[in-house]
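Notes for the structure review
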Amino acid sequence: MAIEITRLFDFPYYQLEKYNLDKALTTNYNGEWKSISTKEYIDQANAISRGLLRLGVQPNDKIAIISTNNRTEWNVCDIGILQTGAQSVPIYPTISKEDYEYVLNHSESTYCFVSDETIIEKLNQIKGNTQLKGVFTFDDIVGEKSWNEVLELGKDESNQAEVEQRKDNVKTDDLATLIYTSGTTGRPKGVMLSHKNIVSNVLASEKRVPLESGKSKGLSFLPVCHIFERMILYLYQYCGVSIYFAESIEKLSENAQEIKPNVMTAVPRLYEKIYDKIYAKGAELTGIKKKLFFWAIELGLAYEPYGANGWWYEKQLGIARKLIFSKWQAALGGELKIMVSGSAALQPRLTRVFAAAGMPVMEGYGLTETSPVVSVNDERNGGFKIGTVGRIIEGVEVKISDEDEILVKGPNVMLGYYKDPEKSAEVLKNGYFHTGDKGKIENGFLSITGRIKEMFKTSGGKYVIPTLIEDRLKQSRFIEQVMVVGEGEKMPTAFIQPNFEFVREWASRHDLTVNNLAEIAKNPQVIERIQEEINDCNTHFGKWEQIKRFELTPEEWTIDGGHLTPTMKMKRKVIKEIYKDLYEKMYDRA
C-alpha cells in the first residue's frame, strides 16, 4: 500500500517505496559528482534525527540552515530536523550579519547548520548575541564542528524508536518551517508554513509536471532557502526525479552539459542572461551563419503555441530548430524538456523564443505565503498561454477584488507571520490571503498587471503603474535594470542600469571605448541610444505615464550593494536613496 504523504518527511519514504533511486541526490565536491541513493538519504536523515535528539532537541525547537549552494547535506538535515518535530529555518546566505542575528534571535534558533567558511566567518561575528548552542559545518573547517559529528552522534540506532514516536506525533497541520521573506522594505517577516501548506502545493503542482516519473533528471541551483526551489525539490522527490545540484550559476551551462537534465527552474533574470549570451555569440558570427541566426531569432520572437501561426511558420520553425536552436539546446545539455520560471515577470519575448527553440519556459505565479504556487502554465491540454502565469492549480481558489487585487484561498495559504498577529491580520481576511498584486483572469488564465503598493500618483493626480513600464523597457538589450519613480512629481522618470556586456559589445561596433559602467553612464552616444529605447517604450503608454527623463547609474545593482533582495527584486526605497542626487537632478533640483 502506497505511503500517504501528509508531512514533508514522508516524501523520501514514498520515493523509496515507489522508485528507490540509485542517485536521489547528487552534489559536486572538488570536481567530482557524488550521489546518494534514496535509502542512504533516509538513513542519513534518521542519523541526523537521532543525533539531534541526543543533543536535546525538543519538538517545536527551531534549527537554522545557511548554505551558499544547494547540496545534498541541506536536504538530509531538513528531513532530519522535521522528523524530530522541530522546525527548520532556512536563511539566505547573502544577507548581512545583522540580518543573520535578527532572524536567529526572532526565530529563537538553538542550532545552526552552515555550508562553508564564508558563512561561518559572518556567523561567528554575531553568534555570541544569539541563543545558538551549537553550529555545524558541511565543509570541513579547522576549529569548527562538522555536521559529521551529528551523524556520528546518531550512528547508534538505539533511540530510533523515539524518532519514530516523534514522527508519529507530527500532524499535517503542524508548523514545518519558518521562511523569512527578504522583503523590499523593513525587517524580514517569518512566514509560518505547515506541512500541509507545502505538501498540498507539491501534490497539486505534480499534475502540471510533463515528465516521466522515476526516469528524469533535474538540475537545481536557485536558492533552496526560498520556498520556490524548496517546493520543487520535494516535488522532484515525489516524482522520482534524480536531483543534481549545480556548483554555481556561473557553472550552470558546464554542469548542464555534464548532467543533461530534463528539467530546471530559474528566475527571469537568469533566462535573460542565458538569452543575452546566446545573442552575443550570434552577433559574432559572419556571413550566412549570422543571417541564419538572426532569421531564427526573428522567427522565434513571433512564436505562438499550438501551431497558431500556420503550417508555413511551423515548416520554417522545423528548419530553424535543426540548424540553429539545436545548438541552444546543446548548451544546456540537449535533453531539457521543460524549464519553469517564477519570482518575477518573464518577458513574453523570452517565453516565445525559448519555446520556439524547443526549450519551453513555463511561467508560474506564487508567493512565499502561498507555499508558493498559485498558478502555472502547462503545454498539455491547451494550458500554455504566453503573457500569462497559467491556470490556477487544483484545490486553490483565486478571486480578483474590486481593486483588482489577487486574493488566494486554499490549503497552501500560510498559517501567518511568526510572532506578528497584526501583520497577519492585515493580509489574512475572511479566509483569503491578500497578495498585494494586481491581476485579472481571462478564459481561466491568470495575468499579473501590477503591484498595488508600487502604483503611484503624479502631482497631476494621474496614476502610474511602474512595473508595466519597467517590463516594457527591460525588453531592450541595452537595459539590465530599470526603476520608474515620480510619486508626487510632475512626471515619471527612471533610473537605468545599462546592460554592461551588451553596451560594451555595441560600443566596440561603433568605435567607442567604454571600460566600465561609470564610463557608460556618462557617454553621450550611449545616452542618446538609450533615449531611442525610451522613445519607443513611450509610444505604448499614455502621456502622463511616459518617461520624460532618465539617468544611467554608474554601477551594477546587486544583492551585496543593497539594491536587490536575495530573490533579485528591487529594493525601491534603497535604490532611490542611493541615487538621490540623480533623482534631484531629474527634477531640476540638483
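Since the model is a prediction, treat every value here as computed from it, not as a measurement.

Some words on the sheet that holds strand β25 (residues 479–485)
Spatial ordering of the open sheet is given by β25-β26-β27, a layout of three strands whose pairing is mixed. Where the open sheet ends on each side, the last strands, each with one partner, are β25 and β27 (549–552). Looking at each pair of strands side by side, their axes are set apart by 25 degrees on average, direction ignored. Where β25 lies against strand β26 (residues 493–498), six bridges are found, and the strand directions are antiparallel. Paired with V485 across the strands is T493, a residue of β26.

Thoughts on the packing of aromatic side chains
The final tally for this structure, using the stated rule, is 24 aromatic pairs. Ring centres 6.1 Å apart and planes at 25 degrees place the aromatic pair Y111 and F136 in the stacked group. Placement of the pair is Y111 in strand β5 (residues 109–114) and F136 in strand β6 (residues 134–137), with a sequence separation of 25 residues. Just as Y111 is buried, F136 falls in that class too. Here the aromatic residues Y271, Y275, Y279, F293, F294, F325, W328, F354, F478, F502 and W506 are joined through ring pairs into a cluster of three or more. Of note, K189 hangs over the ring of Y417, and the distance from its end group to the ring centre comes to 5.2 Å. Looking at K399, its charged tip hangs above the ring of Y432, at a distance of 4.3 Å from the centre.

Remarks on the nonpolar core
F113, M264, Y271, W328 and F354 are the most contacted members of the largest nonpolar core, which totals 148 residues. Broken down by element, the residue count for this core peaks at nine residues, all from helix α9 (residues 227–238). Ignoring any residue separated from it by four or fewer positions in sequence, one finds F354 in contact with Y271, I274, Y275, M339, M359, P360 and V361. Judged by nonpolar contacts, the second largest core, of 24 residues, contains V89, I119, I126 and L132.

Digging into the pattern of salt bridges
For the structure on display, the rule yields 28 salt bridges. Notably, a salt bridge pairs D156 with R54, separated by 3.5 Å at the nearest N-O pair. Taken as a pair, D156 in the loop between α6 (147–153) and α7 (160–169) and R54 in helix α2 (residues 38–54) lie far apart in primary sequence, 102 residues in all. On the accessibility criterion, D156 (42% relative accessible area) is partly exposed. In this structure, K251 engages E247 in a salt bridge whose closest nitrogen and oxygen atoms are separated by 3.5 Å.

Here we look at unusual backbone geometry
With an omega dihedral of -10 degrees, the bond running from S371 to P372 counts as a cis peptide bond. Among the secondary structure elements, P372 is positioned in the loop between β14 (361–366) and β15 (373–376). Despite not being glycine, S371 shows a phi value in the positive range, around 70 degrees. Take S371: it is sitting in the loop between β14 and β15. Classification of S371 as buried rests on a relative accessible area of 0%. One non-glycine residue, N430, lies in the positive phi region at around 50 degrees. Among the secondary structure elements, N430 is positioned in the loop between β20 (428–429) and β21 (432–442).

Looking at the pairing of β6
Of the two faces of β6, the one holding G134 and F136 and the one holding V135 and T137 are both buried throughout. In the sheet, β5 pairs with β6 via four bridges, with the strands oriented parallel. Bridge pairing in β6 places F113 opposite F136. As for the winding sense of the linkage, the β-α-β connection from β5 through helix α5 (residues 117–126) to β6 is right-handed. Judged from the two bridges that link them, β6 and strand β7 (residues 145–146) form a sheet pairing that is parallel. Within β7, the residue paired with T137 across the bridge is S146.

Here we look at the packing of α2 against α7
At their nearest, the axes of α2 and α7 sit 9 Å apart, and the two run at 95 degrees to each other. What the angle tells us is that α2 and α7 run roughly perpendicular. Between α2, through N46, S49, R50 and L53, and α7, the contact on the second element is made entirely by Q160, E162, V163 and R166. Class assignment of the residues belonging to the contact of α2 with α7 gives a composition of two nonpolar, three polar and three charged.

Considerations on the packing of helix α1 (residues 10–18) against α2
It is at 9 Å that the axes of α1 and α2 come closest, and there the two elements cross at 150 degrees. Viewed along their axes, α1 and α2 adopt a mutual orientation that is roughly antiparallel. Handedness of the crossing formed by α1 with α2: left-handed. Residues P12, Y13, Q15 and L16 of α1 lie in contact with α2, whose contacting residues are T38, K39, Y41, I42 and N46. Residue classes in the contact of α1 with α2 are distributed as five nonpolar, three polar and one charged.

The rules behind each value
Residues numbered from 1 in each chain as written. Predicted model: local features only at pLDDT ≥ 70, side-chain atom pairs only at ≥ 80, totals over all residues. Heavy atoms only, no water. Pairing = 2+ DSSP bridges. Helix = DSSP H or I, 4+ residues; strand = E, 2+ residues; numbered from the N terminus. Axes fitted to C-alpha atoms, helices over the stretch in contact; angles between N-to-C directions. Phe/Tyr/Trp six-rings, centres within 6.5 Å; stacked < 30°, edge-to-face > 60°. Buried < 20%, exposed > 50% of the residue type's maximum accessible area, 1.4 Å probe, protein only. Lys NZ or Arg CZ within 6 Å of the ring centre and 35° of its normal. Core = buried A, V, L, I, M, F, W, Y, C linked by side-chain atoms within 4.5 Å. Contact = heavy atoms within 4.5 Å. Salt bridge = Lys/Arg side-chain N within 4 Å of Asp/Glu carboxyl O. Right-handed = clockwise from strand over helix to strand, strands pointing away. Parallel < 35°, antiparallel > 145°, perpendicular 65-115°, else oblique. Nonpolar A, V, L, I, M, F, W, Y, C, P; charged D, E, K, R; others polar. Left-handed = near helix turned anticlockwise from the far one by under 90°.

Scope: geometric values only; no functional claims are made or implied.
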